[in-house]
Amino acid sequence: GRLRLLVLFGGASAEHDVSCVTAAHVLAAADRTKYDLIPVGITRDGTWIRNDKAIAALAEATPALPDALEPAGTEVEPLLEIAGTDNRPTVVLPLLHGPHGEDGTVQGMLELAGVPYVGSGVLSSALCMDKAMTKVVAAQARIPQCRWIEFRAGTGERAQLVERTIAELGLPVFVKPANLGSSVGISKAHDAAELAEAIDLALRYDEVLVIEEAVTAREIEVAVLGNLTPEASVAGEIRPGSDFYDYADKYVNGAAALVIPADLPPEDSDRVRELAAATFSTLRCSGMARVDFFYEEGGRGWLLNEVNTIPGFTPASMYPKLWEASGLSYPALIDRLVELASQRHEIRS
Ligand code: ADP
Ligand code: MG
Ligand code: MG
Ligand code: K
């Protein structure tokens, strides 16, 4: 029979709504001659809902799909829903961003359930969610990065941290909670007072902070696809609509512009694609990841910013657009990801 493709969306993170919209696009685009689509929404408080309304909307192919995807339907028991009642093959497509979705927790549950799933496993998901750990592991592999320091709550006074930051990194700096995404809790601090505020803000989200020198650079992103021998897409550029690529820019105003392919000298473009694939492998990613760089022209060149193991995935998002520009359509990308999930599962089991 057809493969059950269980699309997991929603979740407790700040990207709940984005995830619902993404799921609507994926469900509409996935080839229904190949897949039985099972939409499962996770509410903001963590309840798993088998979304029968979405299934009905899909059957009628109504354009109102995104609305129908607000998690609504029958509450289900996660492990039973994943396994299904018959013995048909299943692949799970987790479209969850941020903590409790992109960070290895859901991946751990899927490992226990013994079901193949799209994207990185437990270790890689957790590593890439934690910006400090990403940097430590990437540095070990000599992947170039900006200067940064780590701070753990309870290891010193805020005033000392402000002093140490200015002494080691200068100003301005970016202050980030280690484990988050979508620019939530991130600020750019231009003086000591702003730095103190930025530290307080970031500490509301995580007990580990990453403080980085603010680099003056272009933002270039590469989509990587594969398992042990990953392929890199053409490079794309983000031109933020505000001072930096913040939450509003990403999801509210949508003021940022995507330039695909990025206008780069060929040798620099080759280099960043190589670096992206190397970063993917170093961090043990599988399936997909978007690897984000700073491009410091006339300076240090490429600096790794971060790796996103579940990147934005609407047809207008950077990751699918980079593949489209590299010759892989949105529906074909979904097929490829499902294949990669099955292959990885077979090798490991
Ligand atoms: P998130 O995971 O939330 O996307 P990022 O680390 O990518 O967090 O930071 C969000 C945005 O902030 C980046 O896309 C960039 O615009 C800006 N930014 C982050 N760090 C720096 C830095 N060290 N120098 C300059 N800009 C930065
Ligand atoms: Mg991120
Ligand atoms: Mg980012
Ligand atoms: K990340």
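Residues numbered from 1 in each chain as written. Chains lettered and ligands numbered in written order. Predicted model: local features only at pLDDT ≥ 70, side-chain atom pairs only at ≥ 80, totals over all residues. Heavy atoms only, no water.

1. Focus: the domain arrangement of the chain
We apply this condition: Source of the domain bounds: an automatic or database domain assignment. Only heavy atoms matter for contacts: two residues are in contact if any of them lie within 4.5 Å across the pair. Summed over both partners, the accessible area lost on bringing two parts together, with a 1.4 Å probe, is the buried area. Salt bridge criterion: a side-chain nitrogen from Lys or Arg within 4 Å of a carboxyl oxygen from Asp or Glu. Only DSSP runs of H or I with at least four residues qualify as helices, and only runs of E with at least two residues qualify as strands; both kinds are numbered from the N terminus onward.
Under the domain assignment used here, the chain contains domain 1 (3-117), domain 2 (128-143 + 216-348) and domain 3 (148-213). With centres defined by C-alpha atoms, the gap from domain 1 to domain 2 works out at 24 Å. Contacts between the two partners involve 29 residues from domain 1 and, on the opposite side, 21 residues from domain 2. For the pair domain 1 and domain 2, the two sides together bury roughly 2,000 Å², of which 66% comes from carbon and sulfur. For the pair domain 1 and domain 2, the number of links is one salt bridge. For the side of domain 1 that touches domain 2, the secondary structure elements donating two or more residues are strand S1 (3-10), helix H1 (16-29), strand S5 (90-94) and helix H5 (105-113). Per-element accounting of the side of domain 1 that touches domain 2 gives the leading share, six residues, to H1.

2. Some points on the site of ligand 1
Heads up, the condition is: Any residue with at least one heavy atom within 4 Å of a molecule or strand is counted as near it. Pairing of N or O atoms within 3.5 Å defines a polar contact, subject to two protein rules: one partner must be a possible hydrogen donor and the other a possible acceptor, and residues neighboring in sequence count only if both atoms are side-chain atoms. All accessible areas in this document rest on Shrake-Rupley with a 1.4 Å probe, and a residue is counted as covered only by the protein chains that are shown. Three categories are distinguished: nonpolar for Ala, Val, Leu, Ile, Met, Phe, Trp, Tyr, Cys and Pro, charged for Asp, Glu, Lys and Arg, and polar for the others, with Gly belonging to the last.
By nearness alone, 19 residues border ligand 1, and Lys131, Lys176, Ser183, Glu219 and Lys250 come closest of all. Note that an oxygen atom of ligand 1 is positioned 2.9 Å from one of the backbone N or O atoms of Tyr245. Measuring from an oxygen atom of ligand 1, one finds a side-chain N or O atom of Glu306 at 2.9 Å. If ligand 1 stood free it would expose 550 Å²; the protein chains cover 95% of that surface. Those elements that provide at least two residues to the shell around ligand 1 are strand S7 (173-177), strand S9 (208-213) and strand S14 (301-308). When its residues are assigned to classes, the shell around ligand 1 shows eight nonpolar, four polar and seven charged. Among the domains, domain 2 (128-143 + 216-348) and domain 3 (148-213) are the pair contributing at least three residues each to the shell around ligand 1.

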